[in-house]
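For reference, the chains in residue letters:
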Amino acid sequence: MPVGLFRVCLLVITAIVNHPLFFPKENGTVPENTEEIIQKMKEREESLRLEQLRLEQEIADQEATQKALEKAAVVVEESKEEKVRWDMWTALSMVIFLLIELWRQDFQEGNWQDIGGEEDDMAVLGKAFKGVALPDKAVLASFYEKRILGTTGDMARMREMVEGFADDLLEALRSVCNRDADMEVEDCMGVGSMYENWRVRKPFVCDLIVPFAPPEPYCFRCQTWCSGDSFPPDEQGYGTIKVCRADEDATGCICDKTKLGEDMLCLLHSHVSSTRPSSEMEDLLCFKNTQYLDADQVMKWFQIAVTKAWNRISHKYEFDLSFSLLDSPGALKIKFKSGKSIAFNLTPVVQYENSDVYFISHFPRSSLAADIPSSTHWFLTFAVYERRFIQLVSKTLPANACHVSCLQILSFLHGKQCSLTGPSGLTNYHLKTVLLHLLQARPSQDWAPEKLEARLQDMLKFLEKCLHEKKLYHFFIGNGKVPAELAFPVIFQRAEPLNLFRPFVLRRDIYRKMVDTFHEMLRNMSALINEYTVHIPLAHTNGIHKE
């Protein structure tokens, strides 16, 4: 019995101990925690999925933006390439249009067509000299002797007579001028073809230049296009002449350039000397309300002064003196009672500093300075240096050198052609410039008298090349090889070369006329030389000089 009760109690205790509700904190919350964890895991999974979707959207947006940028860059690049292609085609079309327009102007109305169905070699500049045969040496020598050489004696006698009369006229001019108010006139100098012994054109005309200076206390201050002052391209070769007081020029006083005020006084210049009334400057031949010398005023003054001088000495001579050209201040003509006449030019000039370069007021009978910018612009002439250069080179050439003969023949032929077809833009000064360049370029022995034909061909070819390129540079300006013996001003040697053909670049009508005249001269050269050599008797040669 006791054993049975003990077993029953042990069984009850064991059942109580193993009952599931006995330890509620350890086993009772297991099912609830599992569901909460699962719920949290689901929520976490959902948030991760949403984050993934957001990131995928951002990545998609970035990719779309990148593609849009790349597409825009491609479009911009394509537009640039298209613009470049369009600009290229626009420029090309413009060039083609200009070429067509130039071709139309050159060839309209058949101006460049060859006459008589001849080959078109002469119509293309650069080929004009092809096929042109000069007369042989014997014909050229005979032509030169009969038509040109016989005029030398007449030139020498005429120079002597004109120079003597000009000196007497200028001396009378000084006597009638007011030494305290009028310009001071110096001795005249002979320049040009008559004094370089190559003129062949009748009537013979002597060119004399007369330097003049202002009265004391004034002086001339010269400014050229190459002296650092600003001159436009169409004024190259020109300069201005400012009239100023000598003491002002020497001291460089700034009282005339600044306003000193009423209570201040310049110790170098009084109030009277610093002021320049307009009437005073006009008396000094300046342009109105300026200090710049006026070429037109100089022309009027010189003509009046020459007239007064002639009235004083006219009783000494048995001829009359008159002005032959109204637009030239010193184009004078001596008329004898027999009906003969002698023409000469007495042109006022202003010396450039201490050199033999001169500012010239007017070019008589010249198209060299036909379009002067204004009356205060003066053209520079290097005629004295040109004469000296020819004299200097002549001393190194063989006896009876052919350089002057070449220039005389070419000048004669050009003059004859102009008398047939009308005036041309090409002048004797251009022909002389060609000779000066060749004299410097070729050795002395190439100018022997037996090489006349070859040197004449050289001059024609050089001139043809210049016409083709529209470039004939002034011999002295920009030429660093001028002989030191000439003492030529360095400022002009260092200047940019001056193209004498520049005016023809813009004036195509004159250029075309000049080229046509050159072509015709080449065609007619042999015929003219043979005609004036064979068909006209020698006894009449001294009376015929049409050039």
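The protein chain is annotated in an unreviewed UniProt entry as Inositol 1,4,5-trisphosphate receptor-interacting protein from Vidua macroura. Quoted verbatim from the Function (unreviewed entry) field of the UniProt record, the comment on the protein chain reads "Enhances Ca(2+)-mediated inhibition of inositol 1,4,5-triphosphate receptor (ITPR) Ca(2+) release."

(A) How the structure looks around unusual backbone geometry. The amide bond that connects K202 to the next residue, P203, takes the cis arrangement and shows omega of 0°. Of note, P203 is situated in the loop between α6 (193–196) and β3 (205–213). Even without glycine at this site, N400 takes up a positive phi of about 55°. Note on placement: N400 falls in the loop between α11 (383–394) and α12 (403–421).

(B) Fine view of the UniProt feature "coiled-coil region" (unreviewed entry) in the protein chain. Mapped onto the present numbering, the UniProt feature "coiled-coil region" (unreviewed entry) falls at residues 38–72. Regarding residues 38–72, the helix share stands at 100% and the strand share at 0%, and the terminal C-alpha atoms are separated by 51 Å.

(C) Just helix α14 (residues 452–469), in detail. Here α14 contains 18 residues, and its C-alpha end-to-end distance of 26 Å stays within 8% of the 26 Å for a straight helix at 1.5 Å per residue. Remark: K470 follows α14 within two positions and exhibits a positive phi of approximately 55°.

(D) Fine view of a nonpolar patch on the surface. On the surface, M88, W89, L92, I96 and I100 cluster together to form a nonpolar patch covering roughly 530 Å² of accessible area. Inspection of the secondary structure puts M88 in helix α3 (residues 30–107).

(E) Local environment of the packing of α12 against helix α13 (residues 428–441). Their axes nearest at 10 Å, the elements α12 and α13 cross at an angle of 155°. The angle between α12 and α13 places the two elements in the roughly antiparallel class. Considering the relative orientation of α12 and α13, their crossing is right-handed. In contact with H403, L407, L410, S411 and H414 of α12, α13 contributes N428, L431, K432, L435 and L439. By residue class, the composition of the contact of α12 with α13 is 5 nonpolar, 4 polar and 1 charged.

(F) Quick peek at the environment of P449. Secondary-structure assignment places P449 in the loop between α13 and α14. In this structure the C-alpha to C-alpha distance between P449 and K137, which are 312 residues apart in sequence, comes to 10.0 Å. Excluding its chain neighbours within four sequence positions, the residues that come into contact with P449 are A399, N400 and C402.

(G) Representation of the packing of aromatic side chains in the model. By the definition in use, this model includes 27 aromatic pairs. Judged by centre distance (5.1 Å) and plane angle (85°), the ring pair of Y238 and F379 falls under edge-to-face. In this pair, Y238 sits in strand β5 (residues 238–245) while F379 sits in strand β10 (residues 378–381), placing the two residues 141 residues apart along the sequence. F379 sits in the buried class, given a relative accessible area of 11%. Ring centres of F389 and F475 lie 4.7 Å apart, and the angle between their planes is 50°; on these two criteria the pair is classed as tilted. In this pair, F389 is assigned in helix α11 and F475 in the loop between α14 and α15 (490–493), connecting sequence segments 86 residues apart. Here the aromatic cluster, defined as three or more aromatic residues joined through ring pairs, consists of W225, Y352, F359, F382, Y385, F389, F475, F476, F488 and F492.

What counts, and at which threshold
- Residues numbered from 1 in each chain as written.
- Predicted model: local features only at pLDDT ≥ 70, side-chain atom pairs only at ≥ 80, totals over all residues.
- Heavy atoms only, no water.
- UniProt positions renumbered as here; feature names shortened; annotations may be inferred.
- Helix = DSSP H or I, 4+ residues; strand = E, 2+ residues; numbered from the N terminus.
- Expected span 1.5 Å × (residues − 1).
- Patch = residues over 30% accessible without salt bridge, like charges linked within 9 Å, V, L, I, M, F, W, Y side chains within 5 Å.
- Areas by Shrake-Rupley, 256 points an atom, 1.4 Å probe, with all protein chains shown as cover.
- Salt bridge = Lys/Arg side-chain N within 4 Å of Asp/Glu carboxyl O.
- Axes fitted to C-alpha atoms, helices over the stretch in contact; angles between N-to-C directions.
- Parallel < 35°, antiparallel > 145°, perpendicular 65-115°, else oblique.
- Left-handed = near helix turned anticlockwise from the far one by under 90°.
- Contact = heavy atoms within 4.5 Å.
- Nonpolar A, V, L, I, M, F, W, Y, C, P; charged D, E, K, R; others polar.
- Phe/Tyr/Trp six-rings, centres within 6.5 Å; stacked < 30°, edge-to-face > 60°.
- Buried < 20%, exposed > 50% of the residue type's maximum accessible area, 1.4 Å probe, protein only.

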